[in-house]
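Residues per chain, in single letters:
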Amino acid sequence: MALRDNRFGREAPEGFAPPVPAALRAFYDIDAHSMLELEGPHHRRLRGLVLRAFTSRRIKALVPDIEAICDDLLDGVADGAGTDTDLLQRFCQPLPVRVISRLLGVPEEMCDQLLAWSNAMVAVYTPLRTPAIEAAANSAATDFAAFMRSYVEARRTTPRDDLITHLIAAEEDGEKLSTDELISTCILLLNAGHEATVHSLGIAVKTLLEHQTPHGALADDRIDTTIEEVLRYDPPLHFFDRWVYEDTQFMGHDFKRGDKIGLLLGAANRDGDAWDDPDTFTPTRPVKQNMAFGAGIHFCVGAPLARLEMRVALPRLFARFPALQLSDAPHYANTWHFHGLSTLHVRLREK
Ligand code: HEM
């Protein structure tokens, strides 16, 4: 309810925005054009333009690319057949960044660099950040923005069939994205999209193996239901906050303008009033909207892409290694913003 209520939002109400630390100037210059940090007409315009380029047709057209990337990664995993392998490192981590690079039209040789920038930037979202973390985030933001600027300029003169070119062309009511908005949007797509997808894949494999889920749950007519249940049962993002825009009462609590409330998506997905037997993983559970991708005006723009990656990757992994087994208890990483595994050791046996 709070996610869908316009008394609450992501952008600080006037007079409440915390001062931008000088050490994070370049980082916040990018954040200033990020739809995730905006509300009202500014958010609507940016999101509308991005959705014009990020269409379901374009996402579906990525299937052959995602299949090829999965097969290439699984060939690499198979080289270690018979031994223990960390599937998180070998499969779940490289897949989403390669898909987003292909979507954006950025060369795949850049993946490691994009990830290094993205990791340094998202590290800022920890409450225990140090000056060294801030300095690394700011320098990553500077370098990432410079790289994207040159890329956007190249696509302006030499258009291709990639998302950057389509974002440049996207137009609504005579409005287009400025270069700064294009840069922030591309960085947001990578930063918001990469790690959550890595962890959703890792958690999905862990959950399916731990519950000895029959392979039938990955069949074409059942996979979508299974994926929704994995995302409900153990989502990779648990916490988002909202500013309060007016003195108000909500669910019996009094709030003042400028207060912040924490919304626990993971807990909402286990709410006994909303779900039967919520703590049980039931891959046949009838699908209804869960909170893994949020709700309301900030509902995840990348949800169709994330679901598609899982839809392609999971059946391919289990078809290739039908006797896949956990070889060590998976551990969750001790991180603030993302809920995900630090390792996923499995024993492989190829078909
Ligand atoms: C399983 C993977 C993913 C999960 C669980 C996830 C989750 C979320 C959630 C919960 C929000 C809303 C945050 C809020 O309300 O404050 C969100 C927003 C967003 N996500 Fe995702 N996400 C995933 C993958 C992706 C991917 C692959 C992309 C892009 C390629 C992406 C791009 C975005 C963007 C741009 C927003 C901001 C939308 C807005 O502010 O209007 N996400 N995501």
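I will try to describe carefully the structure that is included in this document. Source: prediction; values computed, not measured. (Residues numbered from 1 in each chain as written. Predicted model: local features only at pLDDT ≥ 70, side-chain atom pairs only at ≥ 80, totals over all residues. Heavy atoms only, no water.)

## Let's talk about the coordination of the iron atom of the ligand
Then comes step 1: For the iron atom of the ligand, the sole protein-derived donor is Cys300 (SG), lying 2.3 Å away.
Then comes step 2: Structurally, the position occupied by cysteine 300 is in the loop between helix H12 (265-268) and helix H13 (303-320). (Donors = N, O, S within 2.8 Å, 3.2 Å for Na, K, Ca; no water. Helix = DSSP H or I, 4+ residues; strand = E, 2+ residues; numbered from the N terminus.)

## Topic: the site of the ligand
Then comes step 1: Near the ligand, the surroundings consist of 29 residues, among which Arg10, Arg47, Arg242, His298 and Cys300 are the closest.
Then comes step 2: Contact distances for the ligand include 2.6 Å between an oxygen atom and a side-chain N or O atom of arginine 10.
Then comes step 3: Here an oxygen atom of the ligand and a backbone polar atom of isoleucine 297 are 3.5 Å apart.
Then comes step 4: Sorting the residues of the shell around the ligand by element identifies helix H2 (40-53), helix H10 (179-210), strand S3 (239-244) and H13 as the ones contributing at least two each.
Then comes step 5: Looking at the shell around the ligand, the element that brings in the most residues is H10, giving seven residues.
Then comes step 6: Class assignment for the residues of the shell around the ligand results in 19 nonpolar, seven polar and three charged. (Near = heavy atom within 4 Å. Polar contact = N/O pair within 3.5 Å; in protein donor to acceptor, adjacent residues only side chain to side chain. Nonpolar A, V, L, I, M, F, W, Y, C, P; charged D, E, K, R; others polar.)

## Focus: the nonpolar core
Then comes step 1: Membership of the largest hydrophobic core comes to 93 residues, with the highest contact counts inside it found for Leu87, Phe91, Ile164, Val205, Leu317 and Leu324.
Then comes step 2: The element contributing the most residues to this core is H10, with 13 residues.
Then comes step 3: Of all hydrophobic cores here, the second largest spans 16 residues; its members include Leu3, Phe8, Val122 and Ala196. (Core = buried A, V, L, I, M, F, W, Y, C linked by side-chain atoms within 4.5 Å. Buried < 20%, exposed > 50% of the residue type's maximum accessible area, 1.4 Å probe, protein only.)

## Observations regarding the pairing of strand S6 (residues 260-264)
Then comes step 1: Alternating positions in S6 separate cleanly, Ile261 and Leu263 being buried on one face and Lys260, Gly262 and Leu264 remaining unburied on the opposite face.
Then comes step 2: When S3 meets S6, the two strands line up antiparallel, connected through five bridges. Each residue of the ladder has a partner; that of arginine 242, found in S6, is isoleucine 261. (Pairing = 2+ DSSP bridges.)

## Some remarks on empty space enclosed by the protein
Over the atoms, a rolling probe the size of a water molecule traces out where space has been left empty.
Then comes step 1: The full count for this structure, using the stated rule, is one cavity of 30 Å³ or more.
Then comes step 2: Roughly 50 Å³ of volume is contained in the largest cavity.
Then comes step 3: Forming the boundary of the largest cavity are Thr225, Glu228, Glu229, Arg232, Trp275, Arg285, Pro286, Val287, Lys288 and Asn290.
Then comes step 4: When the residues that make up the lining of the largest cavity are grouped by side-chain class, the tally is three nonpolar, two polar and five charged. (1 Å grid on protein atoms, 1.4 Å probe; cavity = no way out; pocket = protein on both sides within 12 Å on 5 of 7 lines; lining within 4 Å. Points joined across faces, edges and corners; volume = space filled by probe spheres on them.)

## As for the packing of helix H4 (residues 63-78) against helix H6 (residues 94-104)
Then comes step 1: At their nearest, the axes of H4 and H6 sit 10 Å apart, and the two run at 145° to each other. Both H4 and H6 take part in a crossing whose hand is right-handed. Residues Asp65, Ile66, Ile69, Cys70, Asp72 and Leu73 of H4 form the contact with H6, whose own contacting residues are Pro94, Leu95, Arg98, Val99 and Arg102.
Then comes step 2: For the contact of H4 with H6, the class distribution of residues is seven nonpolar, no polar and four charged. (Axes fitted to C-alpha atoms, helices over the stretch in contact; angles between N-to-C directions. Left-handed = near helix turned anticlockwise from the far one by under 90°. Contact = heavy atoms within 4.5 Å.)

## As for H13
An α-helix turns once per 3.6 residues; consequently, residues spaced three or four apart project the same way.
Then comes step 1: Taking 1.5 Å of rise per residue, the 18 residues of H13 would be expected to cover 26 Å, and the 26 Å separating its terminal C-alpha atoms lies within 8% of that figure.
Then comes step 2: Every buried residue of H13 is listed here: Ala303, Leu305, Ala306, Leu308, Glu309, Met310, Val312, Ala313, Leu314, Leu317 and Phe318.
Then comes step 3: Residues of H13 that are buried in the fold lie against helix H3 (56-60), H4, helix H5 (87-92), H6, H10 and helix H11 (223-233). (Expected span 1.5 Å × (residues − 1).)

## Some remarks on the packing of aromatic side chains
Then comes step 1: All chains considered together, the criterion is met by nine aromatic pairs.
Then comes step 2: Relative to tyrosine 28, the ring of phenylalanine 27 has its centre 5.3 Å away and its plane inclined at 80°; by these criteria the two rings are edge-to-face.
Then comes step 3: A relative accessible area of 2% places phenylalanine 27 in the buried class.
Then comes step 4: A ring pair is formed by tyrosine 233 and phenylalanine 281, whose centres lie 5.4 Å apart and whose planes are at 55°; its orientation type is tilted. Placement of tyrosine 233 in helix H11 and of phenylalanine 281 in the loop between H12 and H13 is noted, with a sequence separation of 48 residues between them. Neither tyrosine 233 nor phenylalanine 281 differs from the other in exposure class; each is buried.
Then comes step 5: Put simply, the rings of Trp117, Phe144, Phe147 and Tyr151 pair up and form one aromatic cluster. (Phe/Tyr/Trp six-rings, centres within 6.5 Å; stacked < 30°, edge-to-face > 60°.)

## So, the sheet that holds S6
Then comes step 1: Here we have three strands laid out as an open sheet, ordered S1-S3-S6, and antiparallel in their pairing. Looking at strand neighbours, the two that pair on one side only are strand S1 (8-9) and S6, the edges of this open sheet.

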